[in-house]
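A look at the structure
One letter stands for each residue in the lines below.
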Amino acid sequence: MFQILKNGGILMIPIIACGLLVVFIVAERLHYFFTVKKREETFSEDIDQALRNGNYAVAENICNNAGTPCASVVKDAINCRGLKEEDLKEYVQTKMDLAVPRFEHLLSTLGTISNVATLLGLLGTVTGNIKAFGVLGNGGTMGDPALLASSIGEALVTTVAGLVVAIPAIIFHSYFNSLVNHSIKRMELTVTRVVFRLTGKEL
């Protein structure tokens, strides 16, 4: 395996670096979304029950213990419950907009890596073919078979390596975007219920 990677040439270094970044980002995001989902399993019901009873101190403690973007927005809403209804809704919407990047953290980087890995693989293909044609040009009809095979091998290895990194990156990027959308919808629903509680309405 090491020899195969070595045959890919100098471009294998950035491709491998991209692969390591993909592994890190995927592991970090999977852990984050799993943790958020686990903490919010009972958060919505607990916060609704606390607000129903008018226990704002308990509600704030629930938000602190959850520590999720949704809980942060809910806590801010509770602290500003004295505002007019329209002002409160506008304030909460601003806080939700600020919370969204926490869900999207590193996803743009993951998307960029998928494109860069593909282009690096393509660049390796081009440089490998250039070397192969150079061998043919310098050695007549066939050239040096060993050098020719090495050049073609470099082109193929970098192409495969770039795709091996890019394909999972694209798949996980799409998957995480789906999780972001679900998380935002879940947050909007919970925060809307909280705002209705704070303004004396029922949802």
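Here the structure is a predicted model, which means the values were calculated and not measured. (Residues numbered from 1 in each chain as written. Predicted model: local features only at pLDDT ≥ 70, side-chain atom pairs only at ≥ 80, totals over all residues. Heavy atoms only, no water.)

1. Concerning the overall build of the protein
Counting secondary structure elements, the protein contains eight helices and zero strands. Helices (α) and strands (β) of the protein occur, in sequence order from the N terminus, as α-α-α-α-α-α-α-α. A burial count over the protein gives 37% of its 203 residues as buried. Counting only carbon and sulfur atoms, one obtains 63% of the accessible surface of the protein, whose full area is about 11,700 Å². (Helix = DSSP H or I, 4+ residues; strand = E, 2+ residues; numbered from the N terminus. Buried < 20%, exposed > 50% of the residue type's maximum accessible area, 1.4 Å probe, protein only. Areas by Shrake-Rupley, 256 points an atom, 1.4 Å probe, with all protein chains shown as cover.)

2. As for the side chain of Asp-48
With respect to the helices, strands and loops of the structure, Asp-48 is situated in helix H3 (residues 43-52). According to the relative accessible area criterion, Asp-48 is buried, its value standing at 8%. Look past the residues within four positions of Asp-48 in its chain and what remains in contact with it is Arg-193 and Arg-197. (Contact = heavy atoms within 4.5 Å.)

3. Remarks on the layout of surface pockets
Counted as a void, the largest pocket has a volume near 220 Å³. Elements with a contribution of two residues or more to the lining of the largest pocket: helix H2 (12-39) and helix H8 (145-198). A class-by-class count of the residues in the lining of the largest pocket yields six nonpolar, two polar and two charged. (1 Å grid on protein atoms, 1.4 Å probe; cavity = no way out; pocket = protein on both sides within 12 Å on 5 of 7 lines; lining within 4 Å. Points joined across faces, edges and corners; volume = space filled by probe spheres on them. Nonpolar A, V, L, I, M, F, W, Y, C, P; charged D, E, K, R; others polar.)

4. Section: a nonpolar patch on the surface
Taken together, Leu-119, Leu-122, Val-126 and Ile-130 make up a surface patch of nonpolar side chains, about 390 Å² in accessible area. Residue position: Val-126 is located in helix H7 (residues 107-138). Since its relative accessible area comes to 41%, Val-126 is described here as partly exposed. (Patch = residues over 30% accessible without salt bridge, like charges linked within 9 Å, V, L, I, M, F, W, Y side chains within 5 Å. Salt bridge = Lys/Arg side-chain N within 4 Å of Asp/Glu carboxyl O.)

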